[in-house]
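The lines below spell out each chain.
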Amino acid sequence: DNEQIYGTTRAGGTTNFGVCASGCGTVFKVVRQGNHWVKTDIHKFTGGSDGRTPMSGLAFNGTAHFVGTTQYGGGASCGIGCGTAFGITGGGSYLRWLSFPDPGTPTDGIQPTFGPLLHNGSSFFMVTSAGGASFSGAVVSFSDLPPGP
């Protein structure tokens, strides 16, 4: 019996009043134990440098960790943070790979809301809700990410 499901919540977890009063979101694991399932939060976003509000699920890289994104947080740019891309193991070891930059460069996407979609186990694509050439979003690809937490 080694059935496990991983996912994200856009709220819940750590409450940070003034930033995310309903919680900043979580990464969770659900494990089958006999006839029932048990949910455990393996990471609770704080709304700071680790990000907040994951809006999409996780992509498994085929080896030992998952890749995910948050729509906000990560840094002080964009006022509320432009979002993050992160890696996390099934045990909860978390590593923020990048914070999306201030949208000063028009082609940069910010605030990812869809993805990540993993390609070849080491690069992935995502869609952002803002940034891009006309500030209407962008498709962003990353291929030089570290191997994970």
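The rules we used
- Residues numbered from 1 in each chain as written.
- Predicted model: local features only at pLDDT ≥ 70, side-chain atom pairs only at ≥ 80, totals over all residues.
- Heavy atoms only, no water.
- Helix = DSSP H or I, 4+ residues; strand = E, 2+ residues; numbered from the N terminus.
- Contact = heavy atoms within 4.5 Å.
- Areas by Shrake-Rupley, 256 points an atom, 1.4 Å probe, with all protein chains shown as cover.
- Buried < 20%, exposed > 50% of the residue type's maximum accessible area, 1.4 Å probe, protein only.
- Pairing = 2+ DSSP bridges.
- Salt bridge = Lys/Arg side-chain N within 4 Å of Asp/Glu carboxyl O.
- Phe/Tyr/Trp six-rings, centres within 6.5 Å; stacked < 30°, edge-to-face > 60°.

**Here's the deal with the overall build of the protein**
- Helix and strand counts for the protein come out as zero helices and ten strands.
- Ordered by position from N to C terminus, the α and β elements of the protein give β-β-β-β-β-β-β-β-β-β.
- Considering only intrachain contacts with a sequence separation of at least 6, the fraction spanning at least 24 residues in the protein is 40%.
- In the form shown here, the protein has an accessible surface area of approximately 7200 Å², with 53% of it arising from carbon and sulfur atoms.

**Quick word on unusual backbone geometry**
- Here Thr53, not a glycine, exhibits a phi torsion of approximately 60°, which is positive.
- Secondary-structure assignment places Thr53 in the loop between strand S3 (36–44) and strand S4 (59–60).
- Located in the positive-phi region is Gln111, a residue other than glycine, with phi close to 55°.
- For Gln111, the position within the fold is in strand S8 (residues 109–119).
- A relative accessible area of 13% places Gln111 in the buried class.

**Digging into the sheet that holds strand S7 (residues 94–99)**
- One open sheet holds the four strands; their spatial order is S4-S5-S6-S7, and the pairing between them is antiparallel. For this open sheet the edge positions go to S4 and S7, each flanked by a neighbour on one side alone.
- Sheet topology note: the strand S6 (residues 84–89)/S7 ladder contains five bridges and is antiparallel. Bridge pairing in S7 places Phe86 opposite Arg96.

**Looking at the pattern of salt bridges**
- Tallied over the full model, the rule gives two salt bridges.
- Here Lys39 makes a salt bridge to Asp41, at a shortest N to O gap of 2.7 Å.
- Given a relative accessible area of 29%, Asp41 falls into the partly exposed group.

**What to know about the pairing of strand S5 (residues 65–70)**
- Along S5, six of the six residues are buried, which leaves the element largely enclosed by surrounding structure.
- Burial along S5 is two-sided: His65, Val67 and Thr69 and Phe66, Gly68 and Thr70, pointing in opposite directions, are all buried.
- The pairing of S4 with S5 spans two bridges and is antiparallel. The partner of Ala59 across the bridge, within S5, is Val67.
- Hairpin connection, S4 to S5: the antiparallel pair is bridged by four residues, and Gly62 has positive phi, about 90°.
- When S5 meets S6, the two strands line up antiparallel, connected through six bridges. Paired with Thr69 across the two strands is Ala85, which belongs to S6.

**Overview of the packing of aromatic side chains**
- Tallying each qualifying case throughout the model produces five aromatic pairs.
- A centroid spacing of 4.5 Å and a plane angle of 40° characterise the contact between Tyr6 and Phe66, whose relative ring orientation is tilted. Within this pair, whereas Tyr6 is found in strand S1 (residues 4–9), its partner Phe66 is found in strand S5, the two being separated by 60 residues in sequence.
- Tyr6 sits in the partly exposed class, given a relative accessible area of 22%.

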